[in-house]
Amino acid sequence: HEIPDPASIDIVGLTGTKLGCAEGGCGACTVMISRFNPHKNRIVHHAVNACLAPVCSLHHSAVTTVEGIGSVATQVHPVQERIAKTHGSQCGFCTPGIVMSMYALLRNRPQPSKLDIEEAFQGNLCRCTGYRPILEGYKTFAVDGGCCGRKGKENDCCMNREGGSVSQLYDPSQFKPLDPTQEIIFPPELSVSKQENKKLQFKGERVVWIQPSCLTELLDLKAKYPEAKLVVGNTEVGIEMKFKNMLYPVILAPTVIPELTVVQHTRNGILFGAACTLTQLEEVLRSSIDDLLPYQTEVLHAILEQLRWFAGRQIRNVAAIGGNIMTASPISDLNPVFMAAGCKLTVISKGGKRVLQMDDQFFPRYRKTALKPDEILLSIEIPYTRKGQYFSAFKQSLRREDDIAIVTCGMNVIFEEETNTVSHLQLSYGGMAPTTILAKETCKMLIGRKWNENLLEEACSLLSKEMTLDPSAPGGSVTYRRTLTISLFFKFFLTVQHKLAGDLKEQVMRVLNQMLLSQAVPLGQNEEDVVGRPIMHLSALKQATGEAVYCDDIPHYKNELFLVLVTSTTAHGQILSIDSEEAMSSPGVVTFLTAKDIPGSNQTGPAVYDETVLADGMVTCVGHIVGAIVADTQAHAQRAAKSVKISYKELKPIITIQEAIECKSFYQPVRSIKKGNLEEGFKEADLILEGEIHIGGQEHFYLETNCSLAVPRGEDGEMELFVSTQSATKTQQLVAKVLGVPANRIVCRVKRMGGGFGGKECRSTLLSTVVALAAHKLKTPVRCMLDRDEDMLVTGGRHPFLGRYKVGFMKTGKVISLEVTYYCNTGNSMDLSLSILERALFHMENCYNIPHIHGTGYMCRTNLPSNTAFRGFGGPQGMMVAESWICDVAMACGIPAEEVRKLNLYEEGDLTPFNQRLEQFTIGRCWEECLALAKYHYRRTQIEQFNRQHRWKKRGISVIPTKFGISFTAIFLNQAGALVHIYTDGSVLLTHGGTEMGQGLHTKMVQVASRALGIPGSKIHITETSTNTVPNTSPTAASVSSDLNGMAVYNACQTLIQRLEPYRTKNPQGTWEDWVTAAYLDRVNLSANGFYKTPDLGYDFETNQGRPFNYFSYGAACSEVEIDCLTGDHKVTLNMLKLISHNSINQTFPIFSPKGAFMQGVGLFTLEELRYSPQGILLSRGPGMYKIPAFGDIPTDFKVSLLRDAPNEKAIFSSKAVGEPPLFLAASVFYAIKDAITAARAESGLNGPFRLDSPASAERIRVACEDRFIKMCPPPEAGTFRPWAVQV
Ligand SMILES: Cc1cc2nc3c(=O)[nH]c(=O)nc-3n(C[C@H](O)[C@H](O)[C@H](O)COP(=O)(O)OP(=O)(O)OC[C@H]3O[C@@H](n4cnc5c(N)ncnc54)[C@H](O)[C@@H]3O)c2cc1C
Ligand code: FES
Ligand code: FES
């Protein structure tokens, strides 16, 4: 047997299971594993991550993938049907994984609760939907949230309830019922587990996998191979082999050995075999708690609390307790609890057993334990607690769900009988040293002390001295981590105090509540006219069954080869030598490509050719593509790529905006927009203040990473490319350029993308040009799908921005004069940065009318991978700075921020700084309706009351308006084409210039054609986007693709309708097919192309005249949050979005698209942090370190409503773009947080404006609260140390 690489999930040619990260962090690869469990004497089903499940571990298991439960071709499973019909599948790349998480839950629990459903998705990510539609759809399976089945006919039917569980955008009564008796039968031969007692051995290319049948055999093997790794869940070893280049030639799998999987209740506690999984641990603890006396269960509760936030369900289903202990990670969640609780560990070797106490001696060094090489961990005994003993565990992470800890701890106190005098105290911390540690000194000093305020004061002071960190410590966040050790102790102190007083009653309830106010289709609209109706995404069912074909799902060609990029490890340097000798002699390697192999031009770039396809002499960022290895398999190519040695002459890099400003490292031109007279404005103003805000970058994190397949056609330099790109034409042009052939030889085809968000607008060509080059050189098809870490390293993201402002205003809050300067971190090439910077400037005043205004923008040239387009395209950064100065003005005047905002709002007919008149300007209405729907003023009073009553929890609220200009600011891009063929059977093939990335563009275009031609959408089909059908397309971007392509489609359809008109007139009773046949027989051309260009566009920066935008989209949002001042955590309790969108082409998109965009904005402004080292190395390169919002981050109350009667004459069927504008509305969460921090600061006597950079992460929130605990851990002085990460 061969052992495929752990991340190889395409094992039997099934492509439904997707690869999103290969590190267990996204859930796209979720499958269900079913096994006969001899202890339970039944079959158990588990959702697991295929990317971490070695094939050998699946012996005697049944694996069900998404293909196994249903298909469009046969029968769709209810789990697949519901996610599709409830609009929970947009790009669809996450969908199979989510389907399988739900399916596994239902197999175990056919009647789950809403909570079970939420919990099942802890390990799944989605970047498009904002999660709400998925939960909405799946709640219909819940016993406490399903459909009542009365089809809206009775008043109290779930469909008629306001804010009820079911929205009007789908009809749950049409869903297929779940019938557990119809599920696939577990193969009977796998139920007989006799073979399990046999030793198994699998030999691969580099690894031997042995599954011993009994303990003696295991110990013999361990004695023979002391270096062998025991592997249970492979969630640690898998990561080490994939990402840390580790190789373990012998692997021992102890999963069938009874002594390692046993659970025993002893006199003192519960003993778990080391190979028990975390899910098993959870189940046993839960049931034991019911049988024990409450005081005995303190530790058990604490472990359960830690497990609640430990990875996702898929990981907990396979990861073992022993694996967590033996990994000896300094941020293990369980080790601090086990250590503080004084658990006993039994270890064993051929020589015998030892029992060790879990204390700080157990972890002598980083990732080392006290076990000898031939010993293994047999079991752990978790003790019961006794009367007068209290125990808590805390974990602080960036994101609540499925995240590793920043600081994690277990805290244990025992009091002298019937007193509050401490007799034993054990505080154990993770995240504060290379190992899990005990705060020994602090604990020693507190023995014999009474549990009161004095003890608290002393404990805090002692901890601040004992729990120190080197300022350069890996992981950074030094002040925050130190403060957390104190804050978490403070939490423990309060908890124990409450318990001592016997009055702790805490109930955590999460109530999901959503109300969707959807617009209605006008009465009397023809049933066949699908415009304005909530039509399901056309590919949704195929996405849910795994049948939808993404780029990497295209079957492999004969002789196809795989490519892996070789990239620079230094940010700025001259290449001295490249040694590929070892790589070339690795198994399967065919070639190593360098710049010398380029037949055409090495110069590339979307706007200006200032980049190289392959570095030639110089590298200008870490991740700069230097070459590529091509081999017979991906694994071989990856292995060889790692052995290419490049030596550099290092040059000084520029990494941060600050460094670029100091060195005046800017790209040209410097842009500026100016209106009024700034100086006069400042003279007129009562007050002037200055401030700054930094807005961090953002990774696109499309679930499908970049992928390209190039197929040379053998003649005349022809090549066909299948690419996951938003820009087919750009790909065609740049590939032609590098190959030195005319564009007419290159065809670029795009079926669909698993998300793009701007990231595949032009950075996708980094890969497609290299893949094309390889295919050209080798004359054979070549493919590459980047791994997540490669994708994140190479492709750049949203531009970080620094905004500096000087604002003059009256005491009333009226802003008179504003000078603002933007600096964006552009990276090592221009890419689209000029347009992005321009858009930031076009949005510098957001919705506020400022008489004297002057904005300037600089593009900082740095040695980071080039930053690029991202939903909003600079607009969000531009407006974020505006909200910062408006917030400062409000604070300086002591007036509520919403009053200052309202006072400064534009009115109908006002001119923007770029002299565009605001017409049909409905922001005032939007604002008022948003305030009313959110009950803003009532909430404000409630918040003030809450804040008076709570010292360590504060609430805040904020309302933010937005105005977003719709059009590409590069005028020539505002054009689109379409091609429509009518075949003689009446079916229609539609092609247009836009690409499908989950936004439902193809669905909308079918709706447009359906109305224009007057035929049902079912007669119309779109196969793909390709450069040989519609040429010279603009990228699918800037929220204008429906507007532009919709008009082009309409134009083509109009031509055809005119051609068919005579036959319709001649035969008015005839059918569509009759007219088409008659026209064909009459030799009429039934193919037409359509074209559209947006009229009256054009802006000149020199004269500040002209119209940059066709129209504006408006909206307002209100958010309410609660922050935990001790940890910096926050939770959003309300989001109310009021958007303007009239007569949308498809009713579902203005409701669901904003939620996805909004959640992306929530990520941008509160969570997502790209961490770069001072040397420019991206440290956060996967879902493990880079956190996008998860299911648990959706607000408890999330409402979207559309403003009625807001006409838009400027777009197809009067629709309004809602793809990008709502992203910025998530700033309302940021400013609600700032509002809450303001309340916390007031407790420490701090008032007035303060700086808060974006994202408002837990760390920033905690530090900004500036209380006495923060003062105990002063930050190290800047310049005296080299930080682990820098703000770029
Ligand atoms: C996506 C993801 C999220 C995660 N989240 C968390 C988290 O929130 N908190 C956290 O603490 N950890 C987390 N982890 C880390 C990891 O899941 C845990 O440490 C897990 O418990 C490891 O168990 P395993 O069975 O998969 O270990 P494996 O990978 O199978 O083994 C890990 C190590 O333990 C050794 N080992 C295992 N059993 C024995 C034994 N009986 N005797 C001797 N050595 C043994 C192995 O040889 C190996 O060195 C996460 C990992 C991933 C991939
Ligand atoms: S691909 Fe397996 S979890 Fe992401
Ligand atoms: S639909 Fe979930 S990632 Fe696109």
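From a predicted model like this one, the values you see are computed outputs, not experimental measurements. Counting restarts for each chain, with residues numbered from 1 along the sequence as it is written. Here the convention is simple: chains get letters from A, ligands get numbers from 1, in the order in which they are written. Selection of residues for local features in this predicted model requires a pLDDT of at least 70, selection of side-chain atom pairs for listing and counting requires 80 or more, and totals for whole chains, interfaces and linings are taken over all residues. With hydrogens and water excluded, all non-hydrogen atoms of the structure serve as input to the side-chain values.

Caption draft 1: Examining the overall build of the protein more closely. Strands here mean DSSP runs of E at least two residues long; helices mean DSSP runs of H or I at least four residues long; both are numbered from the N terminus. When its secondary structure is counted, the protein shows 37 helices and 45 strands. With C-alpha atoms as the basis for the radius of gyration, the globule rule is written as 2.2 Å multiplied by the number of residues raised to the power 0.38. By the compact-globule yardstick of 33 Å for 1288 residues, the protein fits well, its C-alpha radius of gyration being 31 Å. Here the C-alpha coordinates of the protein stretch approximately 95 × 75 × 75 Å along the principal axes. Accessibility here uses a 1.4 Å probe with only protein chains present; expressed as a share of the type maximum, an area under 20% marks a residue as buried, one over 50% as exposed, and anything in between as partly exposed. The buried share of the protein, reckoned over its 1288 residues, is 63%. At a minimum sequence separation of 6, the contacts of the protein that also span at least 24 residues come to 77%. For the protein, the accessible area works out to roughly 46,700 Å², and carbon and sulfur atoms hold 51% of it. Working convention for charge: Lys and Arg count positive, Asp and Glu count negative, and His plus the chain ends are omitted. The atoms used to mark charge sites are NZ of Lys, CZ of Arg, CG of Asp and CD of Glu. With 131 positive and 131 negative side-chain charges, the protein shows a separation of 1 Å between the mean positions of the two kinds. Only heavy atoms enter the contact rule, under which two residues are in contact if any of them lie within 4.5 Å. Note on areas: Shrake-Rupley with a 1.4 Å probe; residue coverage comes only from the protein chains shown.

Caption draft 2: Main features of the environment of T1071. Following the sequence through the fold, T1071 ends up in the loop between α31 (1041-1066) and α32 (1072-1081). Residue class for T1071 comes out partly exposed when judged on its relative accessible area of 38%. Each C-alpha atom of the pair T1071 and I1015 lies 9.9 Å from the other, and the pair is 56 residues apart in sequence.

Caption draft 3: Molecular detail of the sheet that holds strand β27 (residues 687-695). For two strands to pair, DSSP has to find at least two bridges joining them. Within the open sheet, the five strands sit side by side as β26-β34-β33-β32-β27. Their pairing is mixed. Unpaired on one side and paired on the other, β26 (666-675) and β27 mark the two borders of the sheet. With strand direction ignored, the average angle separating the axes of adjacent strands in the sheet is 10°. The pairing of β26 with strand β34 (residues 852-861) spans seven bridges and is classified as antiparallel. Here, axes are lines fitted to C-alpha atoms. For helices the fit covers the stretch in contact, and angles between N-to-C directions go from 0 to 180 degrees.

Caption draft 4: Local environment of the UniProt feature "binding site: [2Fe-2S] cluster 1" (unreviewed entry) in the protein. UniProt positions are given in the numbering used here, feature names are shortened, and annotations may be inferred rather than shown by experiment. Under the present numbering, the feature "binding site: [2Fe-2S] cluster 1" (unreviewed entry) in UniProt falls on C21, C26, C29 and C51. The greatest C-alpha distance among the annotated residues, which extend across 31 residues, is 10.2 Å, indicating that they converge on a single site. For C26, the location among the structural elements is in the segment before β1 (30-37). Beyond its immediate chain neighbours, meaning those up to four positions away, C26 contacts G20, C21, G123, N124, L125, L703 and P1183.

Caption draft 5: The sheet that holds strand β36 (residues 975-982), seen in detail. With respect to topology, four strands assemble into an open sheet ordered β38-β37-β36-β40, the strand pairing being mixed. Edge strands, defined here as strands with exactly one partner in the open sheet, are β38 (1020-1021) and β40 (1087-1093). Direction of pairing for β36 relative to β40: antiparallel, over a ladder of seven bridges. Of the residues in β40, the one forming a bridge with A978 is G1090. Together, β37 (988-992) and β38 form the strand contacts of helix α30 (residues 1001-1013), whose direction differs from that of β37 by roughly 125°.

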